[in-house]
Amino acid sequence: MLSHLHYTLQGIENQEPQSYEEALRHLNSKEWKIAMKAEMDSLIKNQTWTLVEKPTKQKIVGCKWIYKLKEGTDEGKQKKYKARLVATGYTQREGVDYTDVFSTIVKYKTSRLVLALVA
């Protein structure tokens, strides 16, 4: 019975939260909070956004947290708790809520590799 309880607790411990509230109630909430703080620190350091006044008659793009637990690849490596803050822009409509579309950025090394393969 005790081994079953240990196995069950281990299973819960290894589950990834599906929401911010779940992360705060999780057995490893301390690690998830550290991961969220690291993500926020990174977003601020990289100047990902600028706070502005809300324009009238405009929808606000929401956001949500995505959590991933990365297992250590080698024996003895610690698990890595990753938290990403992502925009939920799927509620917006082109021409109504936005007019500009931005493309992803290609790394220089990637474009060199593609050009080398084509040559």
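Conventions adopted
Residues numbered from 1 in each chain as written. Predicted model: local features only at pLDDT ≥ 70, side-chain atom pairs only at ≥ 80, totals over all residues. Heavy atoms only, no water. Helix = DSSP H or I, 4+ residues; strand = E, 2+ residues; numbered from the N terminus. Expected span 1.5 Å × (residues − 1). Buried < 20%, exposed > 50% of the residue type's maximum accessible area, 1.4 Å probe, protein only. Arc of directions from axis to C-beta. Contact = heavy atoms within 4.5 Å. 1 Å grid on protein atoms, 1.4 Å probe; cavity = no way out; pocket = protein on both sides within 12 Å on 5 of 7 lines; lining within 4 Å. Points joined across faces, edges and corners; volume = space filled by probe spheres on them. Nonpolar A, V, L, I, M, F, W, Y, C, P; charged D, E, K, R; others polar. Phe/Tyr/Trp six-rings, centres within 6.5 Å; stacked < 30°, edge-to-face > 60°.

A.B. asks: Requested: an account of helix α3 (residues 29-45), with residues and values cited.
C.D. replies: Quick reminder: α-helices carry 3.6 residues per turn. Residues three or four places apart thus point the same way. For α3, spanning 17 residues, the distance from its first C-alpha to its last is 24 Å, which sits close to the expected 24 Å at 1.5 Å a residue. If you check which residues of α3 are buried, you get Ser29, Trp32, Ala35, Met36, Glu39 and Leu43. Along the axis of α3, the buried residues cluster in a sector spanning 120 degrees; they form a single face. The exposed residues of α3 that point more than 90 degrees off its buried face are Lys30, Ile34, Lys37, Ile44 and Lys45. Those residues of α3 that are buried are in contact with α2 (20-25), β1 (62-70) and β2 (80-88). Just past α3, the residue Gln47 takes up positive phi, approximately 50 degrees.

A.B. asks: Residues and numbers for the side chain of Glu39, please.
C.D. replies: By the element assignment, Glu39 lies in helix α3. Overall, Glu39 belongs to the buried group, its relative accessible area being 8%. Leaving out residues up to four positions away in the same chain, Glu39 has contacts with Trp65, Ala83, Arg84 and Leu85.

A.B. asks: A description of the layout of surface pockets should follow, citing residues and the corresponding values.
C.D. replies: Taken as a whole, the largest pocket encloses approximately 700 Å³ of empty space. Along the wall of the largest pocket there are 22 residues; nearest its centre are Trp49, Thr50, Ile60, Val61 and Ala87. Mapped by element, the contributors of at least two residues to the lining of the largest pocket are β1 and β2. With 3 residues, the top contributor of residues to the lining of the largest pocket is β2. Considering only residue class, the lining of the largest pocket consists of 12 nonpolar, 6 polar and 4 charged.

A.B. asks: Tell me about unusual backbone geometry, residues and numbers included.
C.D. replies: The residue Gln47 is not glycine, and still its phi comes out positive at about 50 degrees. Inspection of the secondary structure assignment puts Gln47 in the loop between α3 and β1. Note on Gln47: relative accessible area 68%, which makes it exposed.

A.B. asks: Can you explain the packing of aromatic side chains? Please cite residues and give values.
C.D. replies: One pass over the full model with this rule turns up 3 aromatic pairs. Centroid distance Trp32 to Tyr81: 4.8 Å. Interplanar angle 85 degrees. Geometry classified as edge-to-face. Within this pair, whereas Trp32 is found in helix α3, its partner Tyr81 is found in strand β2, the two being separated by 49 residues in sequence. The class of Trp32 is buried, set by a relative accessible area of 0%. Given a relative accessible area of 17%, Tyr81 falls into the buried group. On the basis of an interplanar angle of 25 degrees and a centroid distance of 6.4 Å, the ring pair of Trp65 and Tyr67 is categorised as stacked. Residue classification places Tyr67 among the buried positions, given a relative accessible area of 3%. Members of the aromatic cluster, connected to one another through ring pairs, are Trp32, Trp65, Tyr67 and Tyr81.

Scope: geometric values only; no functional claims are made or implied.
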